[in-house]
Amino acid sequence: MEWEDFWRIVERARAEGGADTERVAQVLRRRLRALTPDEIEWFDDLWLQVQDSLYRWSIRDAATLLLGSVDDDDFSAVQDWILSHGRPVVRLVQNDPDSLVELASDRHNARIDWFCGLPLDAHIAATGAPFAIDGPSGPETPVGAPGDLTDETRTRQRFPRLTAYLDSNPWIERPWERGTD
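Position labels on residues start from 1 in each chain and follow its written sequence. Given that this is a predicted model, residues contribute local features only at a pLDDT of at least 70 and side-chain atom pairs are listed and counted only at 80 or more, while totals for whole chains, interfaces and linings are drawn from all residues. Side-chain descriptors were evaluated using all non-hydrogen atoms of the structure, hydrogens and water having been removed beforehand.

Some remarks on the pattern of salt bridges
What counts as a salt bridge is simple: a side-chain nitrogen of Lys or Arg found within 4 Å of a carboxyl oxygen of Asp or Glu. For the structure on display, the rule yields 13 salt bridges. Residues R87 and E4 are paired through a salt bridge, measuring 2.9 Å at the closest nitrogen-oxygen approach. Taken together, the residues R87 in helix α6 (residues 87-95) and E4 in helix α1 (residues 3-17) connect sequence positions 83 residues apart. Of the charged contacts in the structure, one is a salt bridge between R23 and E16, with a shortest N-O distance of 4.0 Å. Here a strand is any run of E in DSSP of at least two residues, a helix any run of H or I of at least four, and the numbering for each starts at the N terminus.

Here we look at the packing of aromatic side chains
Only Phe, Tyr and Trp rings are paired, with Trp represented by its six-membered ring, and only when their centres lie within 6.5 Å; those with planes under 30 degrees apart are stacked, over 60 edge-to-face, the remainder tilted. Counted by the stated rule, this structure contains seven aromatic pairs. With a centroid separation of 5.7 Å and an interplanar angle of 85°, the aromatic rings of W3 and F6 are classed as edge-to-face. Taken together, the positions of W3 and F6, both in helix α1 and three residues apart, correspond to about one turn of that helix. Since its relative accessible area comes to 34%, W3 is described here as partly exposed. Per-residue accessibility, obtained with a 1.4 Å probe over protein chains only, is compared with the maximum for each type, and a residue is labelled buried under 20%, exposed over 50%, and partly exposed between these values. Classification of F6 by relative accessible area gives buried; the value is 0%.

Quick word on the packing of helix α3 (residues 37-53) against helix α7 (residues 118-127)
To describe two helices that pack against each other, one gives the angle between their axes and the distance between the axes. Axis geometry follows a simple rule: fit a line to the C-alpha atoms, using only the stretch in contact for helices, then measure angles between N-to-C directions, giving values from 0 to 180 degrees. Their axes nearest at 9 Å, the elements α3 and α7 cross at an angle of 170°. As far as their axial angle goes, α7 and α3 are roughly antiparallel. Facing P37, I40, E41, F43 and D44 of α3, the residues of α7 in contact are P119, A122, H123, A126 and T127. Classifying every residue of the contact of α3 with α7 gives six nonpolar, two polar and two charged. The cut-offs work like this: below 35 degrees is roughly parallel, past 145 is roughly antiparallel, 65 to 115 is roughly perpendicular, and the gaps in between are oblique. In this description, contact between two residues means that some pair of their heavy atoms is separated by no more than 4.5 Å. Residues are sorted three ways: Asp, Glu, Lys and Arg are charged, Ala, Val, Leu, Ile, Met, Phe, Trp, Tyr, Cys and Pro are nonpolar, and all the rest, Gly among them, are polar.

Notes on empty space enclosed by the protein
With a 1 Å grid spanning the protein atoms alone, the term cavity applies to any set of points in which a 1.4 Å probe fits but cannot get out, the term pocket to an open set with protein on both sides within 12 Å along at least five of seven lines, and the term lining residue to any residue with an atom within 4 Å of a point. Grid points are joined across faces, edges and corners, and a volume is the space filled by probe spheres set on the points. Tallied over the entire structure, the rule returns one cavity of 30 Å³ or more. Lining the largest cavity are V89, L92, V93, S99, L100, E102 and L103. Tallied by class, the residues present in the lining of the largest cavity amount to five nonpolar, one polar and one charged.

By themselves, these are just geometric observations and shouldn't be taken as functional.
Right under this line is the structure:
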């Protein structure tokens, strides 16, 4: 499977599922089940490569602003959620984590593990057995260094769109307000 094939599958699933991320996962599951076992494994490898490319502190910091505190499991689901929106969104977020604000209308799906295990599920459906899992891929910790989100001034400079979103949504936790009560 080539990158173009991979992105075509992801983006067609998003186009068919639209704004309903749960439905996107269902469509993706159905499309993966139509692939050969080798194609499913290649898809999984490419998915993990893209997920690894999103494993950055700057993106985790942006997700924390959009969603509130993000732990390791949450961040894995967030990476999958971003990826499910397609190549243009992945590139945008990679280049400008503040652009994560563009997914705010779908933020309720960011922590839900809709996509984890879909290739494995499809492979089992196709062959009756799981494919070999080599172990964790990618870096052990996010690339870069975490920002000090408790520094409101610096956070507003780094993430002007996300902090403006926070200003418009006072019910979302602000990292710089933790422990001020």
